[in-house]
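Examining the three-dimensional arrangement
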Amino acid sequence: MRQQRLELADFRKSVVAVPPVAWTESLELNPAANAALVRHIEAGGISILLYGGNANLYHIDLGRFRALLDLLRETAGPSTAVIPSIGPDFGKMLDQAPIVRDKGFSDVMVLPTAFPARAAGIERGVGLVAEALGFGVILYIKQNNYIEPDQLERMVKAGSVRFVKYAVERANPEGDTYLSDIVAAIGAERVASGMGERPIHSHLMTYGLATYTSGAVCIAPAAALATLHAYRAGDLETAERLRAPFLEFERQRAEIDGFGVMHDAVTLSGIADMGPILPLLANIAKDKHETVAKCVKDLLDLEQACRAEGGQNSKV
Ligand SMILES: N[C@@H](CC=O)C(=O)O
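Reading the values: the criteria
- Residues numbered from 1 in each chain as written.
- Predicted model: local features only at pLDDT ≥ 70, side-chain atom pairs only at ≥ 80, totals over all residues.
- Heavy atoms only, no water.
- Salt bridge = Lys/Arg side-chain N within 4 Å of Asp/Glu carboxyl O.
- Helix = DSSP H or I, 4+ residues; strand = E, 2+ residues; numbered from the N terminus.
- Buried < 20%, exposed > 50% of the residue type's maximum accessible area, 1.4 Å probe, protein only.
- Polar contact = N/O pair within 3.5 Å; in protein donor to acceptor, adjacent residues only side chain to side chain.
- Contact = heavy atoms within 4.5 Å.
- Arc of directions from axis to C-beta.
- Pairing = 2+ DSSP bridges.
- Axes fitted to C-alpha atoms, helices over the stretch in contact; angles between N-to-C directions.

Overall, the coordinates contain 19 salt bridges when judged by the stated rule. For glutamate 42, the salt bridge identified is with arginine 39, shortest N-O distance 3.3 Å. With a gap of three residues between them, glutamate 42 and arginine 39 both fall in helix H2 (residues 31–43), about one helical turn apart. A residue is classified by how much of its surface remains accessible, and glutamate 42, at 18% relative accessible area, is buried. The salt bridge partner of glutamate 255 is arginine 251, with a shortest N-O separation of 3.1 Å. One end of the pair, glutamate 255, and the other, arginine 251, are both in helix H10 (residues 236–255), four residues apart, so they sit about a helical turn from each other. Taking the relative accessible area as the measure of exposure, glutamate 255 reaches 56% and is therefore exposed. When salt bridges that share partners are traced, they join Arg2, Asp10 and Lys13 into one network.

Next up, the structure:
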């Protein structure tokens with residue numbers, strides 16, 4: 001695992017993969033399956049792994065959290081940054097902060113608490129958590145007006161927040177004034193589009209966000225990097241062509257279940273057997289496997305083509 005804290009420039013270099021976690025039937029960590037997924041993502045050129053929503057860290061207990069951090073520290077390659085997530089409630093964040101710090105992680109994301117939470121309480125709570133960690137966090141904003149832009153600016157100046165994962169759902173991501181206000185307050189270089197491929201055209205091109213996070217990247221990492229690079233180069237035709245199978249995958253996730261589809265898609269891809277998803281989430285029904293497997297195959301075909309053409313420099 002990379003030892004140095006991520007700098008803003010590092011986020012611009014990679015799409016952020018948001019992997020699920022593999023468990024055995026008795027809900028023990030599956031080291032071999034988790035390692036196989038990490039290796040696949042790294043082989044596609046991705047250098048940042050964010051264990052958060054898709055890993056279902058919302059529901060993880062402290063024992064499994066410790067074991068996961070040990071495994072990730074040992075498994076990730078020397079240039080791969082691993083960002084675990086803490087929370088979503090204040091008490092769990094405080095319990096997890098010393099574990100994160102003592103195990104040598106230097107970046108962490110705070111999961112969003114939708115209820116009950118108030119902006120002023122989030123500012124104070126995240127400040128205390130950052131103090132306990134000894135470094136500023138990545139704040140996951142998933143709700144409109146979760147935190148006011150001027151508060152966020154204060155938190156960045158105080159060092160309690162270093163980066164933001166922005167994932168507020170909009171029917172149309174253009175004209176998102178909350179996002180423009182956030183960007184005006186802390187700078188686009190501190191914000192990642194944080195909700196998969198659907199809004200990335202706007203988020204990268206209109207708002208100039210640093211990068212994007214995605215679950216599907218775990219299946220097609222080189223294709224995702226090629227997509228990011230095509231957007232950056234202004235080659236929108238290539239970017240849209242590359243994004244098409246990711247969008248179809250996201251459509252299936254929205255229709256069936258975003259978490260369950262992501263988890264089981266990795267198993268269906270043959271990359272690694274993820275086993276059961278940690279409760280309170282659930283695996284998808286068997287009768288959905290065929291549809292999901294078809295999307296996964298399209299992603300794998302694209303991945304193969306991108307790798308054959310040289311990964312991120314591909315014009316596939
Ligand atoms: N929820 C999105 C992005 C992750 O943070 C996904 O899973 O693709």
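Having seen the structure, we can now continue with the description.
The subject of this paragraph is unusual backbone geometry. Look at the link from glycine 87 to proline 88: it is a cis peptide, with omega at 15°. Note on placement: proline 88 falls in the loop between strand S3 (81–86) and helix H4 (90–102). The omega torsion of the bond from phenylalanine 115 to proline 116 falls at -5°, within 30 degrees of zero and hence cis. Take proline 116: it is sitting in the loop between strand S4 (109–110) and helix H5 (119–133).

Counting through the fold element by element, arginine 253 comes out in helix H10. Only 2.9 Å separates the side chain of arginine 253 from the side chain of glutamate 250, close enough to count as a polar contact. The contact partners of arginine 253, leaving out residues within four places of it in the chain, are Asn54, Gly215, Gly258, Val261 and Met262.

Looking now at helix H6 (residues 149–158). Turn by turn, an α-helix covers 3.6 residues, leaving residues three or four places apart pointing in a common direction. Taken as a whole, H6 has its buried residues at Pro149, Gln151, Leu152, Met155 and Val156. What you see down the axis of H6 is that its buried residues fit within an arc of 155°, all on one side. The exposed set on the far side of H6, more than 90 degrees from its buried face, consists of Lys157 and Ala158. The secondary structure elements touched by the buried residues of H6 are H5, strand S5 (137–141), strand S6 (161–166) and helix H7 (177–186). In the segment just after H6, glycine 159 is the residue with positive phi, at about 90°.

Let us now look at the sheet that holds strand S1 (residues 16–17). Read around the closed barrel, the eight strands follow the order S1-S2-S3-S4-S5-S6-S7-S8; overall the barrel is parallel. Strands in contact with H6 are S5 and S6; relative to S6, the strand with the most contacts, it is inclined by about 140°.

Limitation: the analysis is restricted to geometry and does not speak to function.
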